[in-house]
Amino acid sequence: MAPMGVRLSPLGAAVFCLLALGVLYHLYAGLRAGRGGLLGLGGGGGAAGPGADGAGAGAGRVDLREMLAAAVQAAVRGGREVRRVRESNVLRAESKGKTREGADDPMTRGDALSNRQMFHLLRTAFPSVQINTEEHVDAADQEVILWDRKIPEDILKEIATPKEVPAESVTVWIDPLDATQEYTEDLRKYVTTMVCVAVNGKPVLGVIHKPFSEYTAWAMVDGGSNVKARTSYDEKAPRIVVSRSHSGMVKQVALQTFGNQTTIISAGGAGYKVLALLDVPDKSQEKADLYIHVTYIKKWDICAGNAILKALGGHMTTLSGEEISYTGADGIEGGLLASIRMNHQALVRKLPDLEKTGHK
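From a predicted model like this one, the values you see are computed outputs, not experimental measurements.

A word on the overall build of the chain
Secondary structure assignment for the chain yields 10 helices and 20 strands. Buried residues in the chain amount to 50% of all 360 residues. Contacts spanning at least 24 positions in sequence make up 72% of the contacts within the chain whose residues lie at least 6 apart. With the model as given, the accessible surface of the chain reaches about 16800 Å², and the carbon-plus-sulfur share is 53%.

In structure tokens form, the structure reads like this:
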């Protein structure tokens, strides 16, 4: 007896094809979802919201020690782009507009390429956290920059165990090129790349990298650091580091407050100014006792420095002594005062007129 064959009617064949297509669609959708989690792309406007849970920690949690290691690598990789563009002398500088003081707010290829490296490395590694960056992020840019997930020995030595926090509590602030104006003027010592991690608005991780000397400072609050405070500071006749753009404004008030022995150091870049307060083994780095800023400033400029100072027992507040929250708006109005190993609140009380000056 010949074997019996199985024949499908045209309707059965159509139903079978539809079922097969449905299975293939669900497989493809699952693959796309996994790929989207890997890319971890945010929207435009320099911010990226939460996505899928990151690897390396429990569901909905991230390890701050891993974030520190990734932040160091991101700052260094961004710094390589900054240095490469500067040394090529093809900056393609353009103005993003005017600052509140009426000066041009420049942007270069160094800013853009550094931003791309730093943002995509951190977004790929930690897709579940909020990332704010100074430069625009194109949602169509699907570049993947992988982090090798290796924690350097110097970090492991200082921070022996993981420190997990809820991913939803984390905000990352990236400054891909601090001191862009000085960068265009080839004043290289002021230039830094920076990453900060805030938890519930409080700065807990800071990385400041100097691309042209290849020096990197990092610190974790209640964790450890590779940088330290100097042994002494002068409160009576301090050296005060201020922005190059308004040194005269600060100098007038500082001389009234501290006397004629006060020294004003004009410098570019908030990262450079914070490092001026610390024991930094970089011959190009000037030394100061206080850092004062009297005008509006963006949080990506100051968050990393705030975290490092806080980890070392220092302080960065508004001129009225208020702590700075690193959630919500991307800037602060109240100026800032940064110090370490000094009576910070006593310094705040000495500067009652400076905040008013900064709001003019």
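Describing the pattern of salt bridges
Inspection of every chain in the model, using the stated rule, returns 13 salt bridges. The salt bridge involving Arg 244 is made with Glu 182; its shortest N-O contact spans 2.9 Å. With Arg 244 in the loop between strand S13 (239-243) and helix H6 (247-258) and Glu 182 in helix H5 (residues 180-184), this residue pair connects regions lying 62 residues apart in the sequence. On the basis of relative accessibility, which here comes to 8%, the residue Glu 182 falls in the buried class. Residues participating in the shared-partner salt-bridge network are Arg 83, Glu 87 and Glu 214.

Comments concerning the side chain of Asp 63
With respect to the helices, strands and loops of the structure, Asp 63 is situated in strand S2 (residues 61-63). One buried charged residue, Asp 63, remains without a salt bridge, the closest side chain of opposite sign being Arg 65 at 4.3 Å. Separated by 3.0 Å, the side chain of Asp 63 and the backbone nitrogen of Arg 65 make a polar contact.

Examining the sheet that holds strand S20 (residues 336-339)
Within the open sheet, the 5 strands sit side by side as S14-S13-S16-S20-S18. Their pairing is mixed. If you trace the sheet from one side to the other, it starts and ends with strand S14 (263-267) and strand S18 (315-317), each paired once. In this sheet, neighbouring strand axes are inclined to one another by 20° on average, regardless of whether the strands run parallel or antiparallel. Bridge count for S13 against strand S16 (residues 290-293) is 2 bridges, and the pairing is parallel. Counted as the bridge partner of Val 241 is Tyr 291 from S16.

Considering the environment of His 246
Tracing the backbone shows His 246 in the loop between S13 and H6. Assessed through its relative accessible area of 7%, His 246 is described here as buried. For His 246 and Val 294, which are 48 residues apart along the polypeptide, the C-alpha to C-alpha distance reads 8.3 Å. Setting aside residues up to four positions removed in sequence, His 246 forms contacts with His 293, Val 294 and Thr 295.

Notes on the layout of surface pockets
A volume near 220 Å³ is recorded for the second largest pocket. Sort the elements by how many residues they give to the lining of the second largest pocket and helix H3 (residues 109-125) lands first, with 6 residues. Across the lining of the second largest pocket, the residue classes tally to 5 nonpolar, 3 polar and 4 charged.

Structural notes on helix H2 (residues 64-88)
For H2, with 25 residues, the first-to-last C-alpha span of 36 Å sits near the 36 Å given by 1.5 Å per residue. Its side-chain oxygen placed 3.0 Å from the backbone nitrogen of Arg 65, Asp 63 serves as the N-cap of H2. Phi for Asn 89, located one or two positions after H2, is positive at around 65°.

Digging into unusual backbone geometry
Backbone phi values are negative for most residues with the exception of glycine, while trans is the configuration of most peptide bonds. Here Arg 149, not a glycine, exhibits a phi torsion of approximately 65°, which is positive. Mapping Arg 149 onto the fold places it in the loop between strand S5 (130-133) and helix H4 (153-158). On the accessibility criterion, Arg 149 (31% relative accessible area) is partly exposed. With a phi angle near 75°, Ala 179 is a residue other than glycine that sits in the positive phi range. Tracing the sequence through the fold places Ala 179 in the loop between strand S7 (170-178) and H5. The exposure class assigned to Ala 179 is buried, which follows from its relative accessible area of 8%.

Concerning the packing of aromatic side chains
All chains considered together, the criterion is met by 3 aromatic pairs. Ring geometry for Phe 126 versus Trp 147: centroids 6.0 Å apart, planes at 35°, classification tilted. One end of the pair, Phe 126, is in the loop between H3 and S5; the other, Trp 147, is in the loop between S5 and H4, and 21 residues separate them in sequence. Accessibility classification places Phe 126 together with Trp 147 in one group, the buried group. Geometrically, the ring pair formed by Trp 173 and Trp 300 is tilted, given 6.2 Å between the ring centres and 50° between the ring planes.

Quick word on H3
Counted at 1.5 Å a residue, the expected span for H3 with its 17 residues is 24 Å, and the 24 Å between its end C-alpha atoms agrees. When you tally the buried positions in H3, you get 13 out of 17 residues, the bulk of the element. Between a side-chain oxygen at the N-terminus of H3 and the backbone nitrogen of Gly 110 the separation is 3.1 Å; the capping residue is Thr 108.

Thoughts on the environment of Ala 304
Within the secondary structure, Ala 304 sits in helix H8 (residues 299-311). We classify Ala 304 as buried; its relative accessible area is 1%. For the pair Ala 304 and Ala 270, spaced 34 residues apart in the sequence, the C-alpha separation amounts to 9.5 Å. Ala 304 has contacts with Met 194, Val 195, Cys 196, Gly 206, Val 207 and Ile 208, leaving out every residue within four places of it along the chain.

What counts, and at which threshold
Residues numbered from 1 in each chain as written. Predicted model: local features only at pLDDT ≥ 70, side-chain atom pairs only at ≥ 80, totals over all residues. Heavy atoms only, no water. Helix = DSSP H or I, 4+ residues; strand = E, 2+ residues; numbered from the N terminus. Buried < 20%, exposed > 50% of the residue type's maximum accessible area, 1.4 Å probe, protein only. Contact = heavy atoms within 4.5 Å. Areas by Shrake-Rupley, 256 points an atom, 1.4 Å probe, with all protein chains shown as cover. Salt bridge = Lys/Arg side-chain N within 4 Å of Asp/Glu carboxyl O. Lys, Arg positive; Asp, Glu negative; His and termini not counted. Polar contact = N/O pair within 3.5 Å; in protein donor to acceptor, adjacent residues only side chain to side chain. Pairing = 2+ DSSP bridges. Axes fitted to C-alpha atoms, helices over the stretch in contact; angles between N-to-C directions. 1 Å grid on protein atoms, 1.4 Å probe; cavity = no way out; pocket = protein on both sides within 12 Å on 5 of 7 lines; lining within 4 Å. Points joined across faces, edges and corners; volume = space filled by probe spheres on them. Nonpolar A, V, L, I, M, F, W, Y, C, P; charged D, E, K, R; others polar. Expected span 1.5 Å × (residues − 1). Phe/Tyr/Trp six-rings, centres within 6.5 Å; stacked < 30°, edge-to-face > 60°.

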